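Residue strings, one per chain:
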Amino acid sequence: MILLQLSAAQGPEECALAVAKALLRLQAEADAQAVAVRILEEEPGPRRGTLRSVLLTLDGEQAERLADHWTGSLQWTCSSPYRPGHARKNWFFGGARFAPPAAELASEIRFETLRSSGPGGQHVNTTDSAVRATHLASGVSVKVQSERSQHANKRLALLLIGQRLAQHAEQVDSELRAKRRLFHHRIERGNPRRVFRGERFEPADE
């Protein structure tokens, strides 16, 4: 099982439309390659029928190949259906594949089994196949009940925890880079706390 996310990031509404179209194309390619696709999460775009992002699972012998085909920067070349006459015709979105979590991650997670809820008929209502997984160090928690077996739900929960942690690490890294850039622009050109002089860079206050 592979986790794959398609995202318009901060692109305009045309990029969100591209993600929705990409999802349909990916599903068609998956059908042709006998790869099972399941949508785990969707973030709607600014217009009806568009998607800001979608998180998928891919399962099957060709899942690796399909995921690689949809990973990285992706481009849709088309005149804007929303802004007639607009000069831009290239709309970029991206695909990100989340690598399987490290083996030791499972030992850092508390798994709880619980009864599934929601639509699904008698099977869902009478089995304890749902799983809640909590990463003890960070508190990140997910509940999974989409699979029919407890084992499969645990496997998916582990993938989702790994994805959440990877996204958090990426966000922290991005914030640190932004702070470094901000610091660069905020350096005061005057009123120095310390002064150094000459080729030998001697402190002026000593």
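The shown structure was predicted, so the numbers you read here are calculated from the model rather than taken from an experiment.

Peer 1: How should I be thinking about the nonpolar core in this particular structure?
Peer 2: As a rule of thumb, nonpolar side chains are buried together in soluble globular proteins. If you look at the biggest cluster of nonpolar residues, it comprises 28 residues, and the most contacted ones within it are Leu6, Leu26, Leu58 and Trp70. When residues in this core are grouped by element, the largest group, ten residues, is from helix α1 (residues 13–32). The residues contacting Leu26, other than those within four sequence positions of it, are Leu4, Leu6, Val37, Leu56, Leu58, Leu66 and Trp70.

Peer 1: What is the right way to look at unusual backbone geometry in this model?
Peer 2: The bulk of non-glycine residues show a negative phi, and the bulk of peptide bonds are trans. Of note, the phi angle at Ala9 is positive, near 50°, even though the residue is not glycine. Mapped onto the fold, Ala9 is located in the loop between β1 (2–7) and α1. Positive phi is not limited to glycine here, since Ala34 has a value of about 60°. Tracing the sequence through the fold places Ala34 in the loop between α1 and β2 (36–44).

Peer 1: What should I look at first to understand the pairing of strand β5 (residues 90–98) in this one?
Peer 2: For a regular strand, side-chain orientation follows a simple rule: the groups alternate between the two sheet faces. Summarising the sheet, β1 and β5 pair through five bridges and their orientation is antiparallel. By the bridge assignment for β5, Ser7 is matched with Gly94. The sheet contact formed by strand β4 (residues 72–77) and β5 spans six bridges and is antiparallel. What sits directly across from Gly72, in β5, is Gly95.

Peer 1: Even after reading the chapter, I still don't get the sheet that holds β5, so can you show me in this structure?
Peer 2: Backbone-to-backbone hydrogen bonds join strands into a sheet, with any given pair of strands oriented parallel or antiparallel. Taking strand neighbours across the sheet as the criterion, the five strands line up as β2-β3-β1-β5-β4 in an open arrangement whose pairing is antiparallel. Edge positions in the sheet fall to β2 and β4, since each has one partner strand and no second. Ignoring which end each strand starts from, the neighbouring axes of this sheet average 20° apart. Its contacts with the sheet place α1 against β1, β2, β3 (51–59), β4 and β5, and it is angled at close to 15° to β3.

Peer 1: I'm lost on α1 in this one. Help?
Peer 2: Here α1 contains 20 residues, and its C-alpha end-to-end distance of 29 Å stays within 8% of the 28 Å for a straight helix at 1.5 Å per residue. All buried positions along α1 are accounted for by Glu14, Cys15, Ala16, Leu17, Ala18, Val19, Ala20, Ala22, Leu23, Leu26 and Ala30. On its buried face, α1 is in contact with β1, β2, β3, α2 (63–69), β4 and β5. Positioned one or two residues after α1, Ala34 has a phi angle of 60°, which is positive.

Peer 1: Mind showing me how you'd approach the sheet that holds strand β8 (residues 141–144) here?
Peer 2: With antiparallel pairing, the three strands of this open sheet are ordered in space as β6-β7-β8. Every interior strand has two partners, whereas the edge strands, β6 (109–114) and β8, have only one. Here the average twist between neighbouring strands, direction ignored, is 15°.

So, how was this worked out
- Residues numbered from 1 in each chain as written.
- Predicted model: local features only at pLDDT ≥ 70, side-chain atom pairs only at ≥ 80, totals over all residues.
- Heavy atoms only, no water.
- Core = buried A, V, L, I, M, F, W, Y, C linked by side-chain atoms within 4.5 Å.
- Buried < 20%, exposed > 50% of the residue type's maximum accessible area, 1.4 Å probe, protein only.
- Helix = DSSP H or I, 4+ residues; strand = E, 2+ residues; numbered from the N terminus.
- Contact = heavy atoms within 4.5 Å.
- Pairing = 2+ DSSP bridges.
- Axes fitted to C-alpha atoms, helices over the stretch in contact; angles between N-to-C directions.
- Expected span 1.5 Å × (residues − 1).

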